[in-house]
Amino acid sequence: DLDMHDEIGSKLTKISFLSERAKGALKEPGALADKIDSIAGTSRELLQALDEIVWVVNPRNDTLKELGGYLSEHAREYFQNTPVECDVSLQDELPHLTMPAKMRHNLFLAFEEALNNVLKHSGASQVRVEFRVQAGRLDIRVSDNGRGFENPLDQARPAGARLEGNGLVNMRQRLRDVGGQCTIQSRLGRGTTVSLSLSLRSLKLAAQ
C-alpha cells in the first residue's frame, strides 16, 4: 500500500529530524548524544529498508529498465561517504521484459550482498557495477580491486572473513531459487568479480 508507505516514511523522516534537533540542543556531547545519533541512524536505515520493500512489490518497477536504474542508483548511494569509489555502467538500450516480484527480490538481495562483501571484506578502493543484456542473458557484475581470495568455486574463506559471514552461499542460493546463476571469480591479491545472471527466456516464461 503506497499510502501506508508514505505515512510510515513521513513519520520515520520526522523521527530522524527531531533526533538531529535534540542533539543540537545538547550543551555537551556524550552518551546521550550517542544514543540520539543511534535513533537518527536507525530511522534512516528503516526508511531505506521501507523504500526497498516498496520497490520490490510495486508492479510499476518490473521492467529491466526500472531494475537497472534502481540497482545502479542503489550502488552509488551504498558507497557514498565510504573509502570505496563506485563506477556504474548501465546499458543504454534494454529489452522491454518484465521481472516478477520474487525474481526482483532475490536478485536485489544477492546484489546487495555482493556490495556488502566489497565494503566489509575486500579492502577494495574501487568497485565497478555493470548491468548488461548479452547472449540472451541478463548479466549483473560487481568487480572490485580488493584482496581477493583463493578457490571461490569451493567457497573458500576470503582473507580475514569467515565463510558464513561473507554470504557467498546465500548469493548462489538466491539465484538458484529463481532459475539463475551466481558465479564468483577471484584471485588472491587481484580482486573479485561476482556475476548474477538470468536467462531472458526464464524472464519471458515467468511473465506468462
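Reference entry: report on the structure contained in this document. (Residues numbered from 1 in each chain as written. Predicted model: local features only at pLDDT ≥ 70, side-chain atom pairs only at ≥ 80, totals over all residues. Heavy atoms only, no water.)

Concerning the overall build of the chain
- Each helix and strand counted, the chain has 7 helices and 5 strands in total.
- Helices and strands appear in the chain in the N-to-C order α-α-α-β-α-β-β-α-α-β-β-α.
- Split into buried and exposed, the 208 residues of the chain put 42% on the buried side.
- Sequence-distant contacts, at least 24 apart, represent 65% of the contacts inside the chain between residues at least 6 apart.
- For the chain, the computed accessible surface area is about 12200 Å², with 50% contributed by carbon and sulfur atoms. (Helix = DSSP H or I, 4+ residues; strand = E, 2+ residues; numbered from the N terminus. Buried < 20%, exposed > 50% of the residue type's maximum accessible area, 1.4 Å probe, protein only. Contact = heavy atoms within 4.5 Å. Areas by Shrake-Rupley, 256 points an atom, 1.4 Å probe, with all protein chains shown as cover.)

Remarks on the sheet that holds strand β5 (residues 192-199)
- Taken in spatial order, the 5 strands make up an open sheet running β1-β2-β3-β5-β4, and their pairing is mixed. A strand with exactly one partner marks an edge of an open sheet, and here the two such strands are β1 (85-90) and β4 (181-186). This sheet shows a mean twist of 15 degrees between the axes of neighbouring strands, independent of strand direction.
- Note: strand β2 (residues 126-134) against strand β3 (residues 137-144), 8 bridges, orientation antiparallel. (Pairing = 2+ DSSP bridges. Axes fitted to C-alpha atoms, helices over the stretch in contact; angles between N-to-C directions.)

Digging into the nonpolar core
- In terms of nonpolar packing, the biggest core is built from 38 residues, with Leu64, Met99, Leu107, Phe111, Leu138 and Leu196 touching the most fellow members.
- Counting only elements with at least two residues in this core, the list comes to α3 (64-78), α4 (101-122), β2, β3, α6 (168-177), β4, β5 and α7 (200-207).
- At 8 residues, the largest contribution of residues to this core is made by α4.
- Excluding residues that lie within four positions of it along the chain, Leu107 makes contacts with Leu67, Met99, Leu138, Ile140, Leu175, Leu196 and Leu198. (Core = buried A, V, L, I, M, F, W, Y, C linked by side-chain atoms within 4.5 Å.)

A look at the environment of Gly146
- With respect to the secondary-structure elements, Gly146 resides in the loop between β3 and α5 (163-166).
- In this structure Gly146 touches Ser122, Gly123, Ala124, Gly189, Arg190 and Gly191, once residues within four positions along its chain are discounted.

Here's the deal with the pattern of salt bridges
- Under the criterion given, the structure shown has 4 salt bridges.
- The salt bridge involving Arg76 is made with Glu73; its shortest N-O contact spans 3.7 Å. Of this pair, Arg76 and Glu73 both sit in helix α3, separated by 3 residues, roughly a single helical turn.
- According to the relative accessible area criterion, Glu73 is partly exposed, its value standing at 38%.
- Here Asp87 and Arg128 are joined by a salt bridge, their closest N and O atoms 2.2 Å apart. One end of the pair, Asp87, is in strand β1; the other, Arg128, is in strand β2, and 41 residues separate them in sequence.
- One salt-bridge network, held together by shared partners, links Asp87, Arg128 and Glu130. (Salt bridge = Lys/Arg side-chain N within 4 Å of Asp/Glu carboxyl O.)

Some thoughts on the packing of α3 against α4
- Running from amino to carboxyl end, α3 crosses α4 at an angle of 25 degrees, the nearest separation of the two axes being 11 Å. Relative to α4, the element α3 lies roughly parallel. Both α3 and α4 take part in a crossing whose hand is right-handed. Along its contact with α3, which presents Leu67, Tyr70, Leu71, His74, Ala75 and Tyr78, the element α4 presents Leu107, Phe108, Phe111, Glu112, Leu115, Asn116 and Leu119.
- Looking at side-chain class alone, the contact of α3 with α4 contains 10 nonpolar, 2 polar and 1 charged residues. (Parallel < 35°, antiparallel > 145°, perpendicular 65-115°, else oblique. Left-handed = near helix turned anticlockwise from the far one by under 90°. Nonpolar A, V, L, I, M, F, W, Y, C, P; charged D, E, K, R; others polar.)

Honestly, it's all geometry; don't read function into it.
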